Amino acid sequence: MIWLVAFLSCIGLICAKPPSINEVDNSRVIGGQNAAPKTWKWQVSLQLDSYGEGFFSHICGGSLLNSYHIMTAAHCILSSNPRQYRVVAGEYDMEKDEGSEQFIHVEKIIVHPGWTGDLGIGNDIAVLKLVEPVYDNGYIEFARLPYAHQTLPNGFTCYVTGWGRMDYWGTTPSVLQVAPLPVVEHSICSTPEWWGNIARETMVCAGGDGVVSGCQGDSGGPLSCLIDGIWTVQGVVSYGPAGMCNQYQKPTVFTRVSFFIDWIISVCNPW
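Residues numbered from 1 in each chain as written. Predicted model: local features only at pLDDT ≥ 70, side-chain atom pairs only at ≥ 80, totals over all residues. Heavy atoms only, no water.

**Concerning the overall build of the protein**
- Within the protein, the secondary structure is distributed over 2 helices and 14 strands.
- Looking at the 271 residues of the protein, the share that counts as buried comes to 57%.
- Per element, the accessible surface of the protein, about 11500 Å² overall, is 53% carbon and sulfur. (Helix = DSSP H or I, 4+ residues; strand = E, 2+ residues; numbered from the N terminus. Buried < 20%, exposed > 50% of the residue type's maximum accessible area, 1.4 Å probe, protein only. Areas by Shrake-Rupley, 256 points an atom, 1.4 Å probe, with all protein chains shown as cover.)

Here it is as structure tokens:
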């Protein structure tokens, strides 16, 4: 998931100017560790049957909103046909059948109307309605969401989780990974030395130390933050730097959930 990188000089940092969106890569955890079992229970795996042959593979993460809905990134929607997707709740080790998993197909895909396919514009969020409800088997928990327009202070530590790439060479874990990422406030992240004008106020930046980051396969998954003793999902993994995921001053960028609360509630009714 997260890999310690000592040779930063080989990364090819983007400096002095904001990168074009062609220099941005979506998805992405690097620098973390195996999550403890039965933690981060709102995390799900979104899987795609690319060829309609009944073989599903992990493409993105997501967060359980309630029994029937999950939240993920709009760029994770590679097909408009909901039958090609399924959600796995209660997943931990993808190489083992642990008896905790719930495999549920998707009934409806709801992509934010402001999504254009351009990560730099934002609105990279989608909600999927499931064919049947997720049930509480002790391995799942519904995500708690922030209040509308909530922001976090610079340096506030949150956690990214997922089954995404762990290094530049594409190594992927079977066990859910977790890593801490400090929030980088918008006034910093939007400067030319960081992400420039493609870091918008509808996004949350976290990381950027050149060591720890999200990576390919983590897209759509949660940025979870402990606030006043309650875990809330503050972000949805959206994009990061092309090439090496863990680049200095190029933090992982998340869709800011607090900006989209009204829309989330409207598409999830009735809860």
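**A word on the sheet that holds strand S5 (residues 69-72)**
- Strand order in this closed barrel of 6 strands is S3-S4-S5-S8-S7-S6, and the pairing throughout is antiparallel. When strand polarity is set aside, the average angle formed by the axes of neighbouring strands in this sheet is 45°.
- Where strand S7 (residues 102-111) lies against strand S8 (residues 126-130), 5 bridges are found, and the strand directions are antiparallel. Each bridged residue has a counterpart across the sheet, and for Ile-110 the counterpart in S8 is Val-127.
- Packed onto the sheet, helix H2 (residues 261-268) meets S5, S7 and S8 and runs at close to 20° relative to S8. (Pairing = 2+ DSSP bridges. Axes fitted to C-alpha atoms, helices over the stretch in contact; angles between N-to-C directions. Contact = heavy atoms within 4.5 Å.)

**Description of the packing of aromatic side chains**
- Counted by the stated rule, this structure contains 7 aromatic pairs.
- With a centroid separation of 6.0 Å and 85° between ring planes, the pair formed by Tyr-168 and Trp-169 is classed as edge-to-face.
- The exposure class assigned to Tyr-168 is partly exposed, which follows from its relative accessible area of 46%.
- Look at Phe-259 and Phe-260: their rings are 5.1 Å apart centre to centre, the planes differ by 70°, and that puts the pair in the edge-to-face class.
- Residue classification places Phe-259 among the partly exposed positions, given a relative accessible area of 37%.
- Assessed through its relative accessible area of 3%, Phe-260 is described here as buried.
- An aromatic cluster is present here, built from Trp-40, Trp-42, Tyr-159 and Trp-231 joined pairwise through their rings.
- Over the face of the ring belonging to Tyr-139 we find Lys-38, whose NZ or CZ atom lies 5.0 Å from the ring centre.
- For the cation-ring pair, Lys-250 lies above Trp-195, with the distance from its terminal atom to the ring centre recorded as 5.8 Å. (Phe/Tyr/Trp six-rings, centres within 6.5 Å; stacked < 30°, edge-to-face > 60°. Lys NZ or Arg CZ within 6 Å of the ring centre and 35° of its normal.)

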